[in-house]
2 protein chains.
Amino acid sequence: MFYRVDMANLAVTKDEGVKYQGLGGRALSSRIVAEEVTANAHPLGENNKLVFVTGLLSGTGAPNAGRMSLGAKSPLTGTVKESNVGGAMGTKLGRLGIRGIIVEGLPQKDTAYILRVSTEGLFVEEMPALQGLNIYDTVAKLQEVFGTKVAIGCIGTAGENKMVSACVGFTDMEGAPTRQAGRGGLGAVMGSKKIKAIVADDSGTKMVSFADEAAFRAGAKKLANALLTHPVTSQALPAYGTDVLVNILSEAGGLPTRNFSTGRFEGANDIGGETLAAVIKERGGKTGHSCSPGCIIRCSQIYKDKKGEVLTGGFEYESCWSLGAHLGINNLDDIALMNRLCDDYGVDSIEMGVTIGVAMEAGVAKFGDSQAAINLLHEMGKATPLGRILGAGAEVTGKVFGVRRVPTVKGQAIPAYDPRAVKGVGVTYATTTMGADHTAGYSVTANILGVGGKVDPLKPEGQVDLSRNLQIATAFIDSTGLCLFVAFAILDIAEGLEGIVEMCNARFGWNKTIEDYLEMGKQVLRDERGFNKSAGIGDGADELPEFFRTEPLSPHDVIFDIPKEELDKVYNF
Amino acid sequence: MFYRVDMANLAVTKDEGVKYQGLGGRALSSRIVAEEVTANAHPLGENNKLVFVTGLLSGTGAPNAGRMSLGAKSPLTGTVKESNVGGAMGTKLGRLGIRGIIVEGLPQKDTAYILRVSTEGLFVEEMPALQGLNIYDTVAKLQEVFGTKVAIGCIGTAGENKMVSACVGFTDMEGAPTRQAGRGGLGAVMGSKKIKAIVADDSGTKMVSFADEAAFRAGAKKLANALLTHPVTSQALPAYGTDVLVNILSEAGGLPTRNFSTGRFEGANDIGGETLAAVIKERGGKTGHSCSPGCIIRCSQIYKDKKGEVLTGGFEYESCWSLGAHLGINNLDDIALMNRLCDDYGVDSIEMGVTIGVAMEAGVAKFGDSQAAINLLHEMGKATPLGRILGAGAEVTGKVFGVRRVPTVKGQAIPAYDPRAVKGVGVTYATTTMGADHTAGYSVTANILGVGGKVDPLKPEGQVDLSRNLQIATAFIDSTGLCLFVAFAILDIAEGLEGIVEMCNARFGWNKTIEDYLEMGKQVLRDERGFNKSAGIGDGADELPEFFRTEPLSPHDVIFDIPKEELDKVYNF
């Protein structure tokens, strides 16, 4: 079932979405954007659409199938955007039988609306009291009204201010807004439509139905077995969270430090997962926390400050890096505070951290100065002119300050793996339809972790094939509602992938092969790439910033040396 | 003769530029950029090149052949950029036998360099005293040292601050810096290379030599006759300057007013050419002023303030519009002051005016408030955070403030003709390789002025052919060193065009036909488009901002309704 919400007249309609049959998650959100949004629509204008969609397995109770996709034309990149998020919302929407909510138009009135969805339907309601609140307060206010069992996705002031780095924050299973649909500025699209929050109440729902429940259960078991067997998903992630990667990447010489000027951070251990877990334990927080129903990887955590008050959660490697090593900062409490501020104002912590690093490169503040970085975050929150520059992301900040070392692709900040020392992910940054995005084809697996084979991260050979295969597979995984981290297990354990295929088939009564599902992944990339091309972003844009090709990265003294012609072969399928 | 200057080691070399034989002006600058600048070079980095080139007829004394071209990868648009400028420099470089000066690399030292060129050669000299000066002071200081007969091109603080709207200001025949290579931020490229000024002394030179001097003179006479006959070049422009267009465009409903929200300005007459000429006359300024040697059109002027002090010159329609109607300002003295400030800080007055309009749309200041606009210009000059936003141009300003009505194409501000009511120029904005640029294919001729035929400006029919033909012809004219305004005459008087062909042939001993020269124009566009494509700017980017297609423009209630597929036919040649 699809809901369409026209904000111009606050009308809600319902349909079966026949033309989108067989699609879920990213396959669905990207198809809707490609079909329904004109390529030159202004991302903050009436003709952009914001879509919230569930995956093929949402609401089924499959292991780690709690994720959902938001889609729109991105105000940050101008590309199609799928922003994938965990937390409680995906499952609730799935149980409510919702495949997609498509929000169109712009409202006349300057107020705050919420979209409230339950078994009774979807309702657009005005809640002006929410205007100007940040995310933690917004959630608290909504929970006062609707209770703590609802799932909430909402924007902070960054989204209301239409900052193109604005995210949409989602509540986890305890109702804390620690999960973000972070990338691509979809919070600004939501802000342009004056939608402050979406609130889902699934009380009264049952588990979704299956074409073949027994087969589904069998498939689910296979995936669960794989997840509970593989050392990454069963040991490293629950114990240390994604932040376990800090020391690994620094050791590998691929941890971008001080705005990508070196690949190893002397303070890595101070901010890495081992230290993080120890601090959490000491202060009575929680590691091994599940962010969404059915999650058996449990890479999230609850981080408390020195006084024992909860400061932040979902404290990822990416944030520890972007607000830490990238800024030359090794104080975990300061980084945690900045993560909280990003989550509260409602900005992507990757984009914001990278942006502050670019501002530091411009001399706006000094590398290593936590307090200055915190102050810059508050500038962004207050939407001062300087804050607005930062809120517009790394590429704009670089342009405004005349900086040359600006780590972005297609306008989006490059995440926590230096493409010179982790070349497979460099190929992904350059070529994905999303702008720089590690999750789109996470070659760190074979480059660094020895998962799914081994490809030397420092050499150009094999990276294009690696990235292509992962990008295709990822586009499928992102369409299921499964957490991408299942990939760690299924790349090594064939049974896990079989389980996914079997679950999808059993859910809908399909008889598809893995090849069919990979074809779905390819079609996602074609849909997305077609949109981007129409929007003016041509093949030439599949490239990294110049400095990666000219400035050698210590300690390995490597440049990104995969020729442009090779990069173009990613789309040879 | 070509000079190459490597700023990394301050070395100067000289060569004959064999591979660039037969090329001048834009054909030459764009070819050099396309051949020698890597497509993903950072515009402010060591691998961008800044080229100063003369045209095929520079230094010949041909009528109105005083213009020259600057080229680089643009930091504003990311495209190849040819920025064309009048004043005294082109002729002096031509007489010095210089076809091009190619500046490469970045210097180590933070200082101010000048490039000094004379019959003795080209010298890179350090003049730290120039650092931090604006353009009028820079020129004064250089004239103290080198006398008033040299030609000077220099940047102000905007260029030093690497603001991507920075221009390069050039002196006119009286040594006043009233001419700008305005568009595309080449002042920032010059600033990145720490070149504060280029100073040319042509004393001791003779007129360039000719393969057939008599034939050249005959051709020159034909062009001169056309220019002195056609009413636009012989009457309207010398009497009123380009500002004569304000009332014409407002009357036609195509004068973009208050950030392109209407097409007619109630204050048009207060800022139009007729009023301008009257004020100049009353205060003892000058109309009918030639900006460059050999100019017989004389559209420039010297504008004095109420006290009789010279305030500005080269006070164009574009500036009167961008700083006037576009901002809802009808006070000519305020506009003149803003024009002076743009010329002095060294920013493109089109980009800056449009940017302030976008900021006004965002609520940063009120439309019609001159003092606020002047204050914003000073913010830019002081490089405050707000000033840096503005200095980064209209597109960035729109993105930073979340504005939807942002009149730019490929990152460059749209000039003074609303594409909804002057559709031929709309086609040019959308499709030119330069980002929005009226001069690239000035369809205003047939759309509004009845020059070179007549094509209804409000209808879609015929606009693509009109724009294509003009873009090709313009690429040739821009390669000769001729002022584009000769086009007004030659579009109606065939003899004028014959004269140009004959002069080019007689200069070099060629035997080319007009078709050969138009082929040169086509090749320019191919070179430029090839570069842009490699730089990631695909065919899809040949499009106007969405609002031109969705918001009807009063008084004619027209939208831009030329389908994207039709726009793509511009390059069917």
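Every residue gets a number counted from 1 within its own chain, in the order that chain's sequence is written. Here the convention is simple: chains get letters from A, ligands get numbers from 1, in the order in which they are written. For a predicted model such as this one, the threshold for reporting local features is a pLDDT of at least 70, and the threshold for listing and counting side-chain atom pairs is 80 or more; totals across whole chains, interfaces and linings nevertheless cover every residue. With hydrogens and water stripped out, all remaining heavy atoms of the structure feed into the side-chain values.

### A word on the interface of chain A and chain B
Contacts are assigned to residue pairs that have any heavy atoms within 4.5 Å of one another. Every contact between the two is made by 39 residues of chain A and, on the other side, 39 residues of chain B. As used here, buried area is the combined drop in accessible area, with a 1.4 Å probe, of two parts when they are placed together. Summed over both partners, the interface of chain A with chain B buries about 2,900 Å², with 55% contributed by carbon and sulfur atoms. When the buried area of chain A at its contact with chain B is split by residue, A:Lys399, A:Arg404 and A:Glu546 rank highest and sum to 24% of it. Each salt bridge in this description consists of a side-chain nitrogen of Lys or Arg and a carboxyl oxygen of Asp or Glu lying within 4 Å of one another. Run the count over chain A and chain B and you get zero salt bridges. Identification of polar contacts relies on pairs of N or O atoms within 3.5 Å, with a donor-acceptor requirement for protein atoms, meaning one able to donate a hydrogen and the other able to accept it, and with residues adjacent in sequence counted only if both atoms are side-chain atoms. If you look at where chain A meets chain B, you find 16 residue pairs in polar contact (both at pLDDT 80 or more). When the residues that make up the side of chain A that touches chain B are grouped by side-chain class, the tally is 19 nonpolar, eleven polar and nine charged. When residue character is reported, Ala, Val, Leu, Ile, Met, Phe, Trp, Tyr, Cys and Pro are called nonpolar, Asp, Glu, Lys and Arg charged, and the others, Gly included, polar.

### With respect to empty space enclosed by the protein
All names here are of chain B. Buried and open spaces are told apart on a 1 Å grid over the protein atoms alone, a cavity being a set of points where a 1.4 Å probe fits but cannot get out and a pocket being an open set with protein on both sides within 12 Å along at least five of seven lines. Residues with an atom within 4 Å of a point are the lining residues. Grid points are joined across faces, edges and corners, and a volume is the space filled by probe spheres set on the points. Summed over all chains, the structure comprises two cavities of 30 Å³ or more. Of the volumes computed, that of the second largest cavity is approximately 70 Å³. Residue lining of the second largest cavity: Lys410, Thr431, Thr432, Thr433, Arg529, Asn532, Lys533, Ile537, Gly538, Asp539 and Asp542, and that is the complete set. Among the elements that take part in the lining of the second largest cavity, helix α22 (residues 514-534) stands out by supplying three residues, more than any other. Numbering of helices and strands starts at the N terminus; helices are DSSP runs of H or I of at least 4 residues and strands are runs of E of at least 2.

### Focus: the relation of the copies chain A and chain B
Only residues with pLDDT of at least 70 in both copies contribute their C-alpha atoms to the least-squares superposition of the copies. The transform that puts chain A on chain B rotates by 180° and translates by 0.0 Å along the axis, for an RMSD of 0.0 Å. What the rotation and shift describe, once combined, is the action of a two-fold rotation axis. It is A:Gly538 whose C-alpha, among those of chain A, lies nearest the rotation axis, at 2.1 Å. A shared binding surface is used by both copies, with 100% of the interface residues of chain A retained as interface residues in chain B.

### Describing the sheet that holds strand β13 (residues 286-289) of chain B
All names here are of chain B. Strand pairing is assigned whenever DSSP identifies at least 2 bridges connecting the two strands. Spatially, three strands are ordered β13-β14-β15 in an open sheet, and the strand pairing comes out antiparallel. With partners counted over all chains shown, the strands left at the sheet margins are β13 and β15 (310-313), one partner each. Each adjacent strand pair in this sheet contributes to an overall mean axis angle of 20°, direction not counted. The sheet contact formed by β13 and strand β14 (residues 300-304) spans two bridges and is antiparallel. Bridging from a neighbouring strand, lysine 286 pairs with isoleucine 302 of β14. Packing of helix α10 (residues 273-283) onto the sheet brings it into contact with β13 and β14, and relative to β14 it is tilted by some 60°. Note on geometry: axes are lines fitted to C-alpha atoms, helical ones only across the stretch in contact, with angles between N-to-C directions running from 0 to 180 degrees.

### Some words on the environment of B:Glu125
All names here are of chain B. In this structure, glutamate 125 sits in strand β8 (residues 121-126). Judged by its relative accessible area of 25%, glutamate 125 falls in the partly exposed class. In this structure, the C-alpha to C-alpha distance between glutamate 125 and isoleucine 195, residues 70 residues apart in sequence, is 9.5 Å. Contacts of glutamate 125, omitting those with residues within four sequence positions, involve Ala112, Tyr113, Ile114, Arg116 and Phe146. Of note is the side chain of glutamate 125, whose polar atom sits 3.0 Å from the side chain of arginine 116. Whether a residue is buried, partly exposed or exposed follows from its accessible area with a 1.4 Å probe, protein chains only, as a fraction of its type maximum: under 20%, in between, or over 50%, in that order.

### Some thoughts on unusual backbone geometry
Here the residue pair A:Ser554 and A:Pro555 is connected by a cis peptide bond, since its omega of 0° sits within 30 degrees of zero. Tracing the sequence through the fold places A:Pro555 in the loop between α23 (547-550) and α24 (564-567). Phi is positive for A:Asn64, close to 55°, though the residue is something other than glycine. Positionally, A:Asn64 belongs in the loop between β3 (50-54) and β4 (68-73). Looking at A:Asn64, the relative accessible area reads 2%, which means it is buried. Of note in the backbone geometry, B:Ala383 takes a positive phi value of approximately 55° without being a glycine.

### Some details on the environment of A:Ile537
Along the polypeptide, A:Ile537 turns up in the loop between α22 (514-534) and α23. On the basis of relative accessibility, which here comes to 17%, the residue A:Ile537 falls in the buried class. Residues A:Ile537 and A:Leu484, spaced 53 residues apart in sequence, show a C-alpha to C-alpha distance of 27 Å. Not counting the four nearest positions on each side in its chain, A:Ile537 is found in contact with A:Thr77, A:Gly78, A:Thr79, A:Lys410, A:Asn532 and B:Gly536.

### Quick word on the packing of helix α13 (residues 349-361) of chain B against helix α16 (residues 393-401) of chain B
Residues and elements named next belong to chain B. One can describe the packing of α13 onto α16 by two numbers: an axis separation of 8 Å at closest approach and a directional angle of 15°. Overall, the two elements α13 and α16 adopt an arrangement that is roughly parallel. When the axes of α13 and α16 are compared, the crossing they make is right-handed. In this structure, α13 contributes Glu351, Val354, Thr355, Val358 and Ala359 to the contact, and α16 contributes Gly393, Ala394, Thr397 and Gly398. Looking at the contact of α13 with α16 residue by residue, the class counts come to four nonpolar, four polar and one charged. Angles are sorted into four bins: roughly parallel if under 35 degrees, roughly antiparallel if over 145, roughly perpendicular if 65 to 115, and oblique for all others. Note: crossing handedness is left-handed where the near helix turns anticlockwise from the far helix by less than a right angle, and right-handed where it turns clockwise.

### Observations concerning the pairing of β3(A)
Residue and element names in this part refer to chain A. Burial within β3 is extensive, with five of its five residues counted as buried. As judged from the four bridges shared by β3 and β4, these two strands associate in the antiparallel manner. Bridge pairing links valine 51 to glycine 71 in β4.

### Looking at the confidence of the model for chain A
Known as pLDDT, the predictor's confidence for each residue is given on a scale from 0 to 100. In this model, chain A carries a mean pLDDT of 97, and residues with pLDDT of at least 70 account for 100%. Across the interface, the model reports ipTM at 0.97; the global pTM reads 0.97.

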